[in-house]
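Observations on the model geometry
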Amino acid sequence: MDIRAGVQAAGLLAVTAALAAVGVGCQSANDEPAASGTLRITASKPLGKTLGPNGEEPTPASALRLTNKEIARVRAGGYTAALVWHEQSDFTTALDEGVRDSFRKLGIRVVAETSANFDAAKQKSDVETIAAKHPSVLLTLPVDPVVTASAYKAVAAQGTKIVLLSSIPNGMEYGRDYVTMVTDDLFQMGKRAADALAAAIGDKGTIAYFFHDANHYVTNQRDQAFLRTITNSYPDIEVVAKAGIADPNRAQEVAGATLVRHPDLSGAYVMFAQPPGEGVLAALRANGNSSTKLVTLDLDEPLALDMAKGGHTSALIIDRPYELGHAMAIAAGYGLLSKPAPPFITGPAITVTRENLAQAYQESLHRSAPKSILDALGR
Amino acid sequence: MATSDRAWPPVRLQVVDPQRFVVYGVFVVVFVFFAATLHDDGFLTQTNLLNIVRQTTPITIMAVGVVFVLSAGEIDLSLGAVVALSALVTADLLQDHSAVLAVGAGLAVGVAVGVANGLFVTALVLPSFLVTFASLAVVTGLARSVTDLRSVAVENRDFAAIFGSGDVGPVPGLAFWALGATAVGHFLLRYSRFGAHVLAIGDNAQAARATGIRVDRVRLLVFVLSATSAAVAGILYAGRLQGATYTLGEQDLLTVIAAVVIGGTRLFGGEGSVIGALVGSLLMGVLTNGLVLWGFSASEQLIAQGTLLLVAISLTLRGQRADG
């Protein structure tokens, strides 16, 4: 409880500067080469950009602003909110805190919160149940754009303002059914992974590409951005294995088979950290491999510890869920004031190496790095 | 089924045990508690109460099938996977074919899996836990591959209206499905020769065989009934959600078993209650609904739900232990 309270207190302090922080983050994500200590990463030329599910042009989260007058109007409204999340994790904890800290500033009271554990049917039930409380706003990450759509449409029809994260339910129209969709700068994340892996293997060699073999907007965009960047910007790097992972829990088996055919890989990209990144790391260790460099996405303790100890993991590309939560909360304010928000908003990404690992925990999750990692870093 | 004219009056002498009715008391207490504490938060609104019925119907339908499986001393772990495959097959076929064909194919998924499970258990004399664990993997793989992990939308309005999204006056159509399945299940278990045989096998399979009961045939039918109930649940999910995805039903198994056992069905066979399973299912739905409306965080909901379930299970299973 103390740790949570501390994080919340830190979050409260941070929220006052959050808009500026988002702005800085976006600039870093889009414009600046990520030069990180001993691993010198040079940013390649961007070969694309993150587009919304319907081809919407991106707007950085830093562009969302409410004036003091607008904040006062929201505060005077006595509004309520419901949070309908897809799962429980470090990501949603930081996201939730970003939302709640910003809502406190806006005087919006959270009256219900649910987690679907990736069960689309449960999420539909959650939305129906929450509708009984008639919240003014609903912030959510829809688990499945098809089977949850009818529930979200019904809530929108009763006047609740909906702010979406990373997915748009089928048939929902911007402006009519939802305020905006917020997500990570997905292309930037894939591109950063490519630049980091290229730097880790000296811009040449053979790599394996472990991608998410599923129809998923977020992971598909990141994976494709990685592949596009690594194949076009690094001609001396050859992708010798493209292995789709449909079940993230079975990544170790897929990686093990790949390593039998390609035991001398220079590097490997994995679609996300937990559990597939951990699975590929386990496969590398099980095969007695000590040279293959690994780059994946998300801040995951076992992989971060491996990186802190100078193991296989060279870089982790992470997002800033606290800032995503803040952006969603501000967007909710837009909806309540009937102020048009951009249709598609992206949050920034960070490239994490051993050198900025401890700081990254604070930046991304708004909490201290675990003791195991601080010990491994000698702090 | 083995229902015959001679099955009436009941072939099994019913002994009224007050402990069997504890689940009804627990349900009333929980409902009244939420009604009293959440009356300003929409709990007692017609919409919310009917939503609870809608949300629990697939669980209720599966629970009816599981009552028979548990009563026969078996287990069926493949239920959730059958839900997903049945829903996906139905939704996929609805895009280019008639609703009759799509529903028939969805039901066929259940019958086929049930027959396969039953044959492995009876013909090869394998434990149902392992057989259905294996079929869970096979059917899950099929559900993932049948549409290549894509979700499938259902745009057939007539199908959706009949199978989950429609209402009859103010009452959701799903309520009729739940009541119908419960009535059929209750009749089969209590008033048919088949039900008496299921309970006899669950109580003592060797003794049942010695009295001339065709144990393997009854066991096979129990697995067909269980998987078919899961297929019906999958079809109703497809209608209610107006779409299907491979994750449907994945997390339903434990909820279904909890509802059935709280409802008075003995986990290791010999005793079952379909009406108890219906109430157990509604109890699970009311708990989830009330805890969300209370404003608990997701973690707090799990803790409270687990604690309340423990209390309910302790109360309802005391009688079963006393019976030995």
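Only a predicted model underlies this, so the values are computations on that prediction, with no experimental measurement involved.

1. Observations regarding the overall build of chain B
- Within chain B, the regular secondary structure consists of 13 helices and four strands.
- Taken along the three principal axes of its C-alpha coordinates, chain B extends 55 × 50 × 35 Å.
- Counting across all 324 residues of chain B, residues that qualify as buried make up 55%.
- In chain B, the proportion of contacts linking residues at least 24 apart, taken out of those at least 6 apart, comes to 80%.
- Looking at chain B as shown, the accessible area adds up to about 13700 Å², and 66% of this sits on carbon and sulfur atoms.
- For chain B, the separation between the mean place of its 17 positive charges and that of its 19 negative charges on side chains is 11 Å.

2. Some words on helix H12 (residues 321-336) of chain A
All names here are of chain A.
- Taking 1.5 Å of rise per residue, the 16 residues of H12 would be expected to cover 22 Å, and the 23 Å separating its terminal C-alpha atoms lies within 8% of that figure.
- Within H12, 16 of the 16 residues are buried, leaving the element largely enclosed by the surrounding structure.
- Ser338 lies just past H12 and shows a positive phi near 55°.

3. Description of the environment of Arg150(B)
- Within the secondary structure layout, Arg150(B) lies in the loop between helix H5 (128-146) and strand E1 (152-153).
- What makes Arg150(B) partly exposed here is its relative accessible area of 39%.
- Sequence separation of Arg150(B) and Ala134(B) is 16 residues, and the distance between their C-alpha atoms is 24 Å.
- Residue contacts for Arg150(B): discarding those within four places in its chain leaves Asn215(A) and Leu88(B).

4. Topic: the side chain of Thr182(B)
All names here are of chain B.
- Tracing the backbone shows Thr182 in helix H7 (residues 173-191).
- Reaching out from Thr182, the side chain makes a polar contact with the backbone oxygen of Ala178 at a distance of 2.7 Å.
- Excluding residues that lie within four positions of it along the chain, Thr182 makes contacts with Thr60, Val64, Val274, Ile275 and Leu278.

5. Details of the nonpolar core
- Formed by 73 residues in total, the largest nonpolar core has its most connected members in Met62(B), Phe68(B), Phe159(B), Phe194(B), Val222(B), Leu248(B) and Val260(B).
- With 14 residues, helix H10 (residues 215-241) of chain B is the single largest residue contributor to this core.
- Residue contacts for Val222(B): discarding those within four places in its chain leaves Phe68(B), Val69(B), Ala72(B), Phe194(B) and Val198(B).
- Core analysis: the second largest hydrophobic core is formed by 37 residues, Leu265(A), Ala268(A), Ala273(A) and Ile373(A) among them.

6. Examining the confidence of the model for chain B
Residues and elements named next belong to chain B.
- On average, residues of chain B carry a pLDDT of 89, and 91% of them reach 70 or more.
- A low-confidence stretch, residues 1-11 (pLDDT under 50), is modelled with 20 contacts involving residues beyond four sequence positions or located in other chains.
- This complex was scored by the predictor with a pTM of 0.80 and an ipTM of 0.78.

7. Let's talk about the interface of chain B and chain A
- Taken together, the contact between chain B and chain A spans 32 residues of the former and 28 residues of the latter.
- Buried surface at the junction of chain B and chain A, both sides included, amounts to about 2300 Å², of which 51% is carbon and sulfur.
- Three residues, Leu241(B), Gln251(B) and Val292(B), lead the burial of chain B against chain A; their summed loss comes to 22% of the area buried on that side.
- Across the contact surface, chain B and chain A share two salt bridges.
- A salt bridge links Arg240(B) to Glu128(A); its shortest N-O distance comes to 2.8 Å.
- On the surface where chain B and chain A come into contact, there are 14 residue pairs in polar contact (both at pLDDT 80 or more).
- Residue assignment for the side of chain B that touches chain A shows that the elements contributing at least two residues are helix H2 (46-71), E1, H10, strand E4 (243-244), helix H12 (274-294) and helix H13 (298-323) of chain B.
- Ranked by the residues each element gives to the side of chain B that touches chain A, the list is headed by H13(B), at four residues.

8. Topic: the pattern of salt bridges
Residues and elements named next belong to chain A.
- The final tally for this structure, using the stated rule, is 21 salt bridges over all chains.
- Glu113 is the partner of Arg100 in a salt bridge, and the nearest nitrogen-oxygen pair spans 2.6 Å. Separated by 13 residues along the polypeptide, Arg100 in helix H4 (residues 90-106) and Glu113 in strand E3 (residues 109-115) bring together distant segments of the chain.
- What you see here is one network of salt bridges that share partners, running through Asp96, Arg100 and Glu113.

9. Examining the sheet that holds strand E11 (residues 313-319) of chain A
Residues and elements named next belong to chain A.
- Taking strand neighbours across the sheet as the criterion, the six strands line up as E8-E7-E9-E10-E11-E13 in an open arrangement whose pairing is mixed. The sheet is open, and its two borders are formed by strand E8 (237-245) and strand E13 (349-352), each paired with just one other strand. Averaged over neighbouring strand pairs, the angle between their axes works out to 15° when direction is ignored.
- Relative to the sheet, helix H10 (residues 273-286) contacts strand E7 (205-212), strand E9 (267-270) and strand E10 (293-297), its axis offset from that of E10 by approximately 175°.

10. Re the sheet that holds strand E4 (residues 137-140) of chain A
Residues and elements named next belong to chain A.
- What the seven strands build is an open sheet, ordered E1-E12-E6-E5-E4-E2-E3; its pairing is parallel. Each edge of the open sheet carries a strand with a single partner, namely strand E1 (59-60) and E3.
- The pairing of strand E2 (residues 80-85) with E4 spans four bridges and is classified as parallel. For Leu83, the partnering residue across the bridge sits in E4 and is Leu139.
- Contacts from H4 reach E2, E3, E4 and strand E5 (161-165), with the element oriented near 170° to E2.

11. Observations regarding the pairing of E5(A)
Residues and elements named next belong to chain A.
- Most of E5 sits out of view: four of its five residues are buried.
- When E4 meets E5, the two strands line up parallel, connected through four bridges. Bridged to Leu139 within E5 is Val163.
- Handedness of the crossover joining E4 and E5 through helix H6 (residues 149-157) is recorded here as right-handed.
- Both E5 and strand E6 (residues 180-184) contribute to a ladder of three bridges, which runs parallel. What sits directly across from Leu164, in E6, is Met181.

12. Here we look at the packing of aromatic side chains
All names here are of chain B.
- The final tally for this structure, using the stated rule, is 15 aromatic pairs over all chains.
- Seen from their ring centres, Phe34 and Phe43 are 5.8 Å apart, and the 50° between their planes marks the pair as tilted.
- For Phe34, a relative accessible area of 1% corresponds to the buried category.
- The class of Phe43 is buried, set by a relative accessible area of 0%.
- Ring pairing ties together the aromatic residues Phe27, Phe31, Phe33, Phe34, Phe43, Trp294 and Phe296, which thus form one cluster.

13. Looking at the environment of Ser86(B)
Residues and elements named next belong to chain B.
- Along the polypeptide, Ser86 turns up in helix H3 (residues 79-94).
- A C-alpha to C-alpha distance of 8.7 Å links Ser86 and Val103, two positions 17 residues apart in sequence.
- Of note is the side chain of Ser86, whose polar atom sits 3.4 Å from the backbone oxygen of Gly106.

14. Some words on the domain arrangement of chain A
Residue and element names in this part refer to chain A.
- In terms of domains, chain A is made up of domain 1 (9-27 + 53-184 + 321-347) and domain 2 (186-319 + 352-377).
- The C-alpha centroid of domain 2 is placed 29 Å from the C-alpha centroid of domain 1.
- Each partner contributes to the roughly 1000 Å² buried at the junction of domain 1 and domain 2, and carbon and sulfur atoms together form 54% of this total.
- Counting the surface domain 1 buries against domain 2, the share from its top three residues, Asp90, Asp184 and Pro321, is 45%.
- The interface formed by domain 1 and domain 2 includes one salt bridge.
- Two residues, Arg367 and Asp90, come together in a salt bridge whose shortest N-O distance is 2.6 Å.
- Linking domain 1 to domain 2 there are two residue pairs in polar contact (both at pLDDT 80 or more).
- Sorting the residues of the side of domain 1 that touches domain 2 by element identifies helix H1 (2-15), H4, E6 and H12 as the ones contributing at least two each.
- With four residues, H12 is the largest single contributor of residues to the side of domain 1 that touches domain 2.
- Residue classes in the side of domain 1 that touches domain 2 are distributed as nine nonpolar, three polar and three charged.

Criteria and thresholds
Residues numbered from 1 in each chain as written. Chains lettered and ligands numbered in written order. Predicted model: local features only at pLDDT ≥ 70, side-chain atom pairs only at ≥ 80, totals over all residues. Heavy atoms only, no water. Helix = DSSP H or I, 4+ residues; strand = E, 2+ residues; numbered from the N terminus. Buried < 20%, exposed > 50% of the residue type's maximum accessible area, 1.4 Å probe, protein only. Contact = heavy atoms within 4.5 Å. Areas by Shrake-Rupley, 256 points an atom, 1.4 Å probe, with all protein chains shown as cover. Lys, Arg positive; Asp, Glu negative; His and termini not counted. Charge placed at Lys NZ, Arg CZ, Asp CG, Glu CD. Expected span 1.5 Å × (residues − 1). Polar contact = N/O pair within 3.5 Å; in protein donor to acceptor, adjacent residues only side chain to side chain. Core = buried A, V, L, I, M, F, W, Y, C linked by side-chain atoms within 4.5 Å. pLDDT = per-residue confidence, 0-100. Buried area = accessible area lost by both parts, 1.4 Å probe. Salt bridge = Lys/Arg side-chain N within 4 Å of Asp/Glu carboxyl O. Pairing = 2+ DSSP bridges. Axes fitted to C-alpha atoms, helices over the stretch in contact; angles between N-to-C directions. Right-handed = clockwise from strand over helix to strand, strands pointing away. Phe/Tyr/Trp six-rings, centres within 6.5 Å; stacked < 30°, edge-to-face > 60°. Domains from an automatic or database assignment. Nonpolar A, V, L, I, M, F, W, Y, C, P; charged D, E, K, R; others polar.

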